[in-house]
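Here is how the chains run, residue by residue.
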Amino acid sequence: MTTGVLPAQALRRLIANGALSAAPAIREDQIQPASLDLRLGPVAYRVRASFLAGRGRKVADRLEEFTMHQVNLAGGAVLEKNCVYVIPLAEHLSLPRGITAVANAKSSSGRLDLLTRTITDGGIEFDRIPEGYTGPLYAEVCPRSFSVLVREGQRLNQIRFRHGQAVLSDAELAALHAREPLVTGEAVISEGLGFSVDLRPAQGTLVGYRAKPHAGVIDLDQIGHYPASDFWEELHTRDGRIILDPGAFYILVSREAVTIPPDYAAEMAPYLAMVGEFRVHYAGFFDPGFGHASAGGAGSRGVLEVRCHEAPFVLEHGQVVGRLVYERMAERPETLYGAGIASNYQGQGLKLAKQFRPG
C-alpha cells in the first residue's frame, strides 16, 4: 500500500474487509474525500470529569468509576453547557498493521464550541489511534458555550486513516507552493504553512463574533434556523485589533485564502504551543479539493475558533495564529471536497455554524 492519507475509495475497502464496521451499517454519505464521519450511539454517560482509559484499561470500566447518570439519545436529549459526556459511537475498528488513525471534531462542532474528542480502550492520548487497534470508539463531548440538543446517529466528529507518515517537510511544502500556490500572499512556511488573523476586512468593519454567555439551546438538526443575534455578538473594529476577554469564545477568520490540491490533505495545528494568552482550536481536517479550482473553489479562508485564557489579550491584524500541516494522499480521492458532495464550507469567508441564519 502507498504511504499517505487514505482516500474515500480506500475507506470503502476497509469497510469491505471488516477493518471498519458499525451497527447500524456505515452509510455512503459518511464517507468523505479523506475521512469518515462518526455517529453517536443511543446513550450518553454524564461523567464527573474528562478521562483517558489508560494502558490496559477499557473505557467501559472507567465509565463505571465516573458516570453520574445516563442520558437516552434515541429521541433526542440536551447536553448541558460545561458538563462532560462520554458517548459510545456506532463505529468499531479492527485496524490492519501499518494503518493508524486520527480523529477530530467536524467543522460545525468546532464552530459551536463543542469540545469533541475521541477516546479508545487502552488510549493514552485523545484523538490518536495506534496501528492494530481493535475495539470500540467513544466521543467525549463538552459543550462550552451553548447547551445542545443531540440525537442518536448525529455526527460530531470524524476520523482520518493513514498508512505510514507522509507529512511534507518545509522544503517539500515550499516546492509544492512554487508549483501551485497554496495561499494568497506570501507563504510563511515553518513546520507547515502559517496563517494569520484578518482584522482589516476589505469591506465594512465586521471581523468576527463572540458567543453570548446566556443563550438558549441549539438543536443540531435545525439548519439555518437560529437568528445569529440570539447567540452571537458581532465584533467590529476600525483599527485592526481587538481585545480578547478571558473565558470568551470567538469566531474569526484567516487573512489568507488557502488551497488543498487534490493529491494532498491538511490538518490545522497550533502555531506556538507556548502562547498562553489565547488558544486557537478548530475542527482540524482540510480535505483534498478545499478551496481548489478543480472542485469549484478559488481559495477558502480558514475559520478560527479562539478562546482567551488567563488575561485579556490584544490580537492584531496579520498576527500568525496557526499553521496547516500538509500530507500526501495515498491516492487521489474519487471525489473532492465541494465537488458534487454536500460541503458546507467551500469558498467560505467569515461564517458561523450551519445552524444559524442572519438576523
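Residues numbered from 1 in each chain as written. Predicted model: local features only at pLDDT ≥ 70, side-chain atom pairs only at ≥ 80, totals over all residues. Heavy atoms only, no water.

**Digging into the pairing of strand E4 (residues 43-47)**
- In terms of residue burial, E4 counts as a mostly covered element, since 5 of its 5 residues are buried.
- Neither face of E4 is exposed, since Val43, Tyr45 and Val47 on one face and Ala44 and Arg46 on the opposite face are all buried.
- Looking at chain direction, E4 and strand E5 (residues 67-72) are connected through 5 bridges and run antiparallel. The residue of E5 that forms the bridge with Val43 is Asn72.
- The pairing of E4 with strand E7 (residues 84-94) spans 3 bridges and is antiparallel. Its bridge partner being in E7, Arg46 is matched across the sheet by Tyr85. (Buried < 20%, exposed > 50% of the residue type's maximum accessible area, 1.4 Å probe, protein only. Helix = DSSP H or I, 4+ residues; strand = E, 2+ residues; numbered from the N terminus. Pairing = 2+ DSSP bridges.)

**Some points on the nonpolar core**
- Core analysis: the biggest nonpolar cluster contains 54 residues, and Leu93, Ile159, Phe161, Ile218, Trp232 and Phe356 have the highest contact counts within it.
- Not counting residues up to four positions away in its chain, the partners in contact with Phe356 are Leu112, Ile218, Gly224, Tyr226, Ala228, Phe231 and Trp232.
- Membership of the second largest hydrophobic core comes to 33 residues, among which are Leu168, Val207, Leu244 and Phe290. (Core = buried A, V, L, I, M, F, W, Y, C linked by side-chain atoms within 4.5 Å. Contact = heavy atoms within 4.5 Å.)

**Some thoughts on the packing of aromatic side chains**
- Per the counting criterion, the structure on display carries 9 aromatic pairs.
- Between Phe146 and Trp232 the ring centres are 5.3 Å apart and the planes differ by 70 degrees, which places this aromatic pair in the edge-to-face class. Of the two residues, Phe146 sits in the loop between strand E11 (134-143) and strand E12 (148-150) while Trp232 sits in strand E18 (residues 232-236), which places them 86 residues apart along the sequence.
- Look at Phe146 and you get buried, because its relative accessible area is 1%.
- Members of the aromatic cluster, connected to one another through ring pairs, are Phe146, Tyr226, Phe231, Trp232, Phe249 and Phe356.
- The cationic tip of Arg117 hangs over the ring face of Phe126; the distance from NZ or CZ to the ring centre is 3.6 Å.
- In this arrangement the basic side chain of Arg160 is found over the ring face of Phe285, its NZ or CZ atom lying 4.4 Å from the centre. (Phe/Tyr/Trp six-rings, centres within 6.5 Å; stacked < 30°, edge-to-face > 60°. Lys NZ or Arg CZ within 6 Å of the ring centre and 35° of its normal.)

**Regarding helix H1 (residues 8-16)**
- Ala8, Gln9, Ala10, Leu11 and Leu14 are the residues of H1 that are buried.
- Where H1 is buried, its residues touch strand E2 (20-22), strand E3 (36-38) and strand E13 (157-163).
- The first or second residue beyond H1 is Gly18, which carries a positive phi of 90 degrees.

**Focus on the sheet that holds strand E6 (residues 77-79)**
- Here 3 strands make up an open sheet; going across it, the order is E6-E12-E16 and the pairing mixed. A strand with exactly one partner marks an edge of an open sheet, and here the two such strands are E6 and strand E16 (218-219).
- Here 2 bridges tie E12 to E16, and the two strands are oriented parallel to one another. Pairing of Leu149 across the sheet is with Asp219, part of E16.

**Let's talk about the confidence of the model for the protein chain**
- Overall, the prediction assigns the protein chain a mean pLDDT of 90, with 91% of residues at 70 or greater.
- In the predicted structure, residues 341-347 sits below a pLDDT of 50 and forms 30 contacts with residues beyond four places in sequence or in another chain. (pLDDT = per-residue confidence, 0-100.)

**Here's the deal with the pattern of salt bridges**
- The final tally for this structure, using the stated rule, is 25 salt bridges.
- Residues joined by salt bridges that share partners form a network here, namely Arg27, Asp29, Asp37, Lys106 and Arg155. (Salt bridge = Lys/Arg side-chain N within 4 Å of Asp/Glu carboxyl O.)

**Re the environment of Leu324**
- Tracing the chain through its elements places Leu324 in strand E26 (residues 320-328).
- Judged by relative accessible area, Leu324 falls into the buried class, the value being 1%.
- Along the backbone, Leu324 and Val258 are 66 residues apart, and their C-alpha atoms lie at a distance of 9.3 Å.
- Contact partners of Leu324, with chain neighbours within four places excluded, come to Gly192, Leu193, Phe195, Val258, Ile260, Ala266, Glu267, Met268 and Phe286.

**Here's the deal with helix H2 (residues 59-66)**
- If you check which residues of H2 are buried, you get Val59, Arg62, Leu63 and Phe66. Mapping the buried residues of H2 onto a view down its axis gives an arc of 110 degrees, with all of them on the same face.
- Where H2 is buried, its residues touch E4, E5, E7, strand E9 (114-120) and E11. (Arc of directions from axis to C-beta.)

**Describing the environment of Ile15**
- Among the secondary structure elements, Ile15 is positioned in helix H1.
- With relative accessibility at 26%, the residue Ile15 sits in the partly exposed group.
- Taking the C-alpha atoms as reference points, Ile15 and Leu93, 78 residues apart in sequence, are found 9.7 Å from one another.
- Not counting chain neighbours up to four residues away, the residues in contact with Ile15 comprise Leu20, Ile26 and Ile31.

**Section: unusual backbone geometry**
- Residue Ala23 is joined to Pro24 through a cis peptide bond whose omega torsion reads 0 degrees.
- By secondary structure assignment, the location of Pro24 is in the loop between E2 and E3.
- One non-glycine residue, Asp113, adopts positive backbone phi at about 60 degrees.
- Among the secondary structure elements, Asp113 is positioned in the loop between helix H3 (107-111) and E9.
- Residue classification places Asp113 among the buried positions, given a relative accessible area of 2%.
- Despite not being glycine, Glu191 has its phi angle at roughly 55 degrees, a positive value.
- Here Glu191 falls in the exposed class, since its relative accessible area comes to 58%.

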